[in-house]
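# Descriptive structure summary
Read off the chains here:
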Amino acid sequence: MSVHFRTFEIKIRQTMLQLTQEIKGTAFVYVVNEQTSLNNQTPDYVSEAFKTFQTAETKEDFFKIGNQFYFFVKENIDLEKMRVAGFNIRQKLDKKATDITIIGSGETTLALAEGLALSNYQFLKYFKDADDREYTLENIFMLGDISAEEINRINNVIKAVFWARDMVNEPNSFLTANQLAKEIQEIGDEAHFHVEVFRKSEIEALKMGGLLAVNKGSIQPPTFTVMEYKPSNPINDKPIVLVGKGVVYDTGGLSLKPTPNSMDLMKSDMGGAAMMAGTVYAAALNKLNVHIIGLIPATDNRPGGDAYAPGDIVSMMDGTTVEVLNTDAEGRMILADAISYATKYTPELIINSATLTGAALVAVGTRAACLMSNASNNVTNDILNAGEKVYERMVQLPLWDDYKEQLKSTCADLKNIGGSTAGTITAGKFLEHFAKAPFVHIDIAGPAFTTATENYKGNGGTGTGIRALHEFFVNYKK
């Protein structure tokens, strides 16, 4: 019997923000405050609608005449409300519109444009009627007091977010560990940062027992991808190391997950890898003055072959022995080896990201990530504040030493789960054991993937965390 597989081409349309000196296109957005006025060339029907809107209680409005759309948005210092207004515009706009002009100035107008651009993302690769479904918006023209530098920065960050969303949305039938490494190599070539991929034999030579143990049940080999972005004169003498969980599919292994609302969503379990590779990508595209290393351990977690089992004891890269009590606590096993590897760089900071625990979703839902840190208050607060600014919020949980008591094993140095309470914290505490530098752990289990459209975050992979870490690096000080 012959089997025929369809081949698919990745087709990415990124809407670009760009400056203009004149109104263009067939759709127009006016950001309105008390001082806003229109020029003499504005049609009378637009001027009348504008005057009515300016004095009304309404926050957003639009009307359509022929094939032209006119949108009015009251300026709001709450940047998130402006981003969501951008999403609302995308919902009302003709999906085949190609150009739109936004008339306004400053960060409020930029936030609206950002929300609109992020809302234009679609993952249509596997639809037969993709051309009919596709948004064709290509240009968001910005008419107002906004710098070209700000426009370029946002375009590059959005590009990185779209890449991360694509990675999270790709099924494991395409995105194996090897394919993820290949995708990272491609963005490295484009943005001019160095990428090195370690294969199974090299991972074995490094004695990465955690990564190798998780991979034992799979027929696909693991990879360990190392990225380095280093500008000519970085502000930091020692690099900041980003570590991201690259479990490209998680069945739970022998501790098998149920399917509905669990295993069926587990193509998203490499959201931490997408976040960290996307962060390096954005930093390189925007030529930030920070030396960054990115480490991505990658494998799927399967129950096949010689799969690792509850009761096994695994020797990790740093020599720590771990009693495995649940094979579905696999993310921390592969991350621990990557965090140990980070020691070779003598980093000034390690930031880890992962869709690590269901407990994080229970604790804060999809509205926030959970952050744990033993870094300085300044560093921790800077990350939290960056998340607040871009509305990728994080709730700080403690990393008190008391929690390590829950990880004590009767037959090894550690066990890989900490019991039924404080699951997010004990997972972070497990990872902290392997960090020999100030350490921040971000559990993105909640916001990394949506099962229904959530404003400009979309449906599916959100690319969460990239905008927050980019904001952190833009303002980073030693």
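It should be noted that the structure appears before, not after, this text.
Read on for a plain summary of the structure.

So, on to the pairing of strand β11 (residues 292-301). For a regular strand, the rule is simple: side chains alternate between the two faces of the sheet. Across the ten residues of β11, ten count as buried, placing the element largely inside the fold. Along β11, one buried face is formed by Ile292, Gly294, Ile296, Ala298 and Asp300 and the opposite face, lined by Ile293, Leu295, Pro297, Thr299 and Asn301, is buried too. Looking at chain direction, strand β8 (residues 223-229) and β11 are connected through seven bridges and run antiparallel. Paired with Met227 across the bridge in β11 is Gly294. In this sheet, β11 lies alongside strand β9 (residues 240-244) in parallel orientation, the contact comprising four bridges. Paired with Val243 across the strands is Leu295, a residue of β11. Relative to β11, strand β10 (residues 246-250) runs parallel, the two sharing four bridges. Paired with Val247 across the strands is Thr299, a residue of β11.

A few words on the pairing of strand β4 (residues 68-74). Where burial is concerned, most of β4 is hidden: six out of the seven residues are buried. Bridge count for strand β2 (residues 27-32) against β4 is six bridges, and the pairing is parallel. Directly across from Tyr30, in β4, lies its bridge partner Phe72. Of the pairings in the sheet, the one linking strand β3 (residues 60-65) to β4 comprises six bridges and is antiparallel in character.

We now examine empty space enclosed by the protein. Counted under the stated rule, the structure contains one cavity of 30 Å³ or more. Computed from the structure, the largest cavity encloses a volume of approximately 30 Å³. Along its surface, the largest cavity is lined by Ala164, Val168, Gly271, Ala274, Met275, Ile444, Ala448, Thr462, Gly463 and Thr464. The set of elements that each furnish at least two residues to the lining of the largest cavity consists of α5 (148-169) and α9 (271-285). Sorting elements by how many residues they give to the lining of the largest cavity places α9 first, with three residues. Partitioned by chemical class, the residues of the lining of the largest cavity number six nonpolar, four polar and no charged.

About the cut-offs
Residues numbered from 1 in each chain as written. Predicted model: local features only at pLDDT ≥ 70, side-chain atom pairs only at ≥ 80, totals over all residues. Heavy atoms only, no water. Buried < 20%, exposed > 50% of the residue type's maximum accessible area, 1.4 Å probe, protein only. Helix = DSSP H or I, 4+ residues; strand = E, 2+ residues; numbered from the N terminus. Pairing = 2+ DSSP bridges. 1 Å grid on protein atoms, 1.4 Å probe; cavity = no way out; pocket = protein on both sides within 12 Å on 5 of 7 lines; lining within 4 Å. Points joined across faces, edges and corners; volume = space filled by probe spheres on them. Nonpolar A, V, L, I, M, F, W, Y, C, P; charged D, E, K, R; others polar.

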